[in-house]
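Here are the chains, one letter per residue:
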Amino acid sequence: MQQTLDSDHLTQLHTLTHISQQFSPLLVQVTEGSRIIVPGTSASTDVNELYQYWKANYPEAGPIYWFTRTWTMLIWQPVTIALVTTYYTQAVPPISTMVQGFNRQNGVVGQFDFSCHEWQLGDQHQRREHAAKQLTLLLTHLLSNSIMFVASALRLEKSFSPIPLWKCCYAV
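Described below are features of the structure shown in this document. The structure displayed is predicted, hence computed values, not measured ones.

What counts, and at which threshold
- Residues numbered from 1 in each chain as written.
- Predicted model: local features only at pLDDT ≥ 70, side-chain atom pairs only at ≥ 80, totals over all residues.
- Heavy atoms only, no water.
- Helix = DSSP H or I, 4+ residues; strand = E, 2+ residues; numbered from the N terminus.
- Buried < 20%, exposed > 50% of the residue type's maximum accessible area, 1.4 Å probe, protein only.
- Contact = heavy atoms within 4.5 Å.
- Areas by Shrake-Rupley, 256 points an atom, 1.4 Å probe, with all protein chains shown as cover.
- Polar contact = N/O pair within 3.5 Å; in protein donor to acceptor, adjacent residues only side chain to side chain.
- Core = buried A, V, L, I, M, F, W, Y, C linked by side-chain atoms within 4.5 Å.
- Patch = residues over 30% accessible without salt bridge, like charges linked within 9 Å, V, L, I, M, F, W, Y side chains within 5 Å.
- Salt bridge = Lys/Arg side-chain N within 4 Å of Asp/Glu carboxyl O.
- Phe/Tyr/Trp six-rings, centres within 6.5 Å; stacked < 30°, edge-to-face > 60°.

**Some remarks on the overall build of the chain**
- Per the secondary structure count, the chain includes five helices and six strands.
- In the chain, buried positions account for 42% of the 172 residues.
- Long-range contacts, defined as pairs at least 24 residues apart, comprise 71% of the intrachain contacts of the chain with a sequence gap of at least 6.
- Counting only carbon and sulfur atoms, one obtains 59% of the accessible surface of the chain, whose full area is about 9,800 Å².

See the structure below:
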């Protein structure tokens, strides 16, 4: 597998966003001034802010919904980009370095870029393998940033009281 040069980044990104927009109009390059989630640096603060958005706007839904909605917002773009680059482009971006735009007003994570500009060229099998490795790295970073927040938030949620499984199975 070959790496593309940094100068090819904008061309590759343009191709990727053109194809990706057929799947979702939110799959575009991060615009200047956007709030971004950067894995490993400010991610835990941003994850908390995203969680707080869903909690404040959907209080009746409860913590399971808030956590699930937060997580799906964090992963939908990387998963989609991994699939698009595997099947519809000639190169895979460094997905593990993906930064994502975050709209504080509506809780939507949309827009992306990559802090590293070394794209991997290869056949479909090579692209699939590389995209899977990159996606695993990114999701591991996001999960590790989320786990401590989720654990502490669950302890703080007074309304969260999981129903023991036996009560579900033997309801009278």
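There is more to say after this.
**Considerations on the side chain of Arg127**
- With respect to the secondary-structure elements, Arg127 resides in helix α4 (residues 124-156).
- Side-chain polar atoms of Arg127 contact the backbone oxygen of Gly122, separated by 2.8 Å.

**Re the nonpolar core**
- One finds Leu16, Leu50, Leu74, Ile81, Ile95, Phe112 and Phe114 to be the most contacted residues of the largest nonpolar core, which totals 31 residues.
- Ranked by the residues each element gives to this core, the list is headed by helix α3 (residues 63-87), at eight residues.
- For Leu50, the contacting residues outside a window of four places in its chain are Thr70, Met73, Leu74, Phe102, Gly107 and Val109.

**Observations concerning a nonpolar patch on the surface**
- Residues Phe23, Leu83, Tyr87 and Tyr88 make up a contiguous nonpolar surface patch of about 450 Å² in total accessible area.
- One can find Tyr88 in the loop between α3 and β3 (91-92).

**Brief notes about the packing of aromatic side chains**
- In this structure the tally under the stated criterion is nine aromatic pairs.
- Measuring from ring centre to ring centre gives 5.0 Å for Tyr53 and Trp54, while their planes differ by 90 degrees; the resulting arrangement is edge-to-face. Judged on exposure class, the residue Tyr53 and its partner Trp54 are both buried.
- Between Trp54 and Tyr58, the ring centres sit 5.5 Å apart and the planes meet at 25 degrees, which makes this aromatic pair stacked.
- You can call Trp54 buried: its relative accessible area is 4%.
- The exposure class assigned to Tyr58 is partly exposed, which follows from its relative accessible area of 32%.

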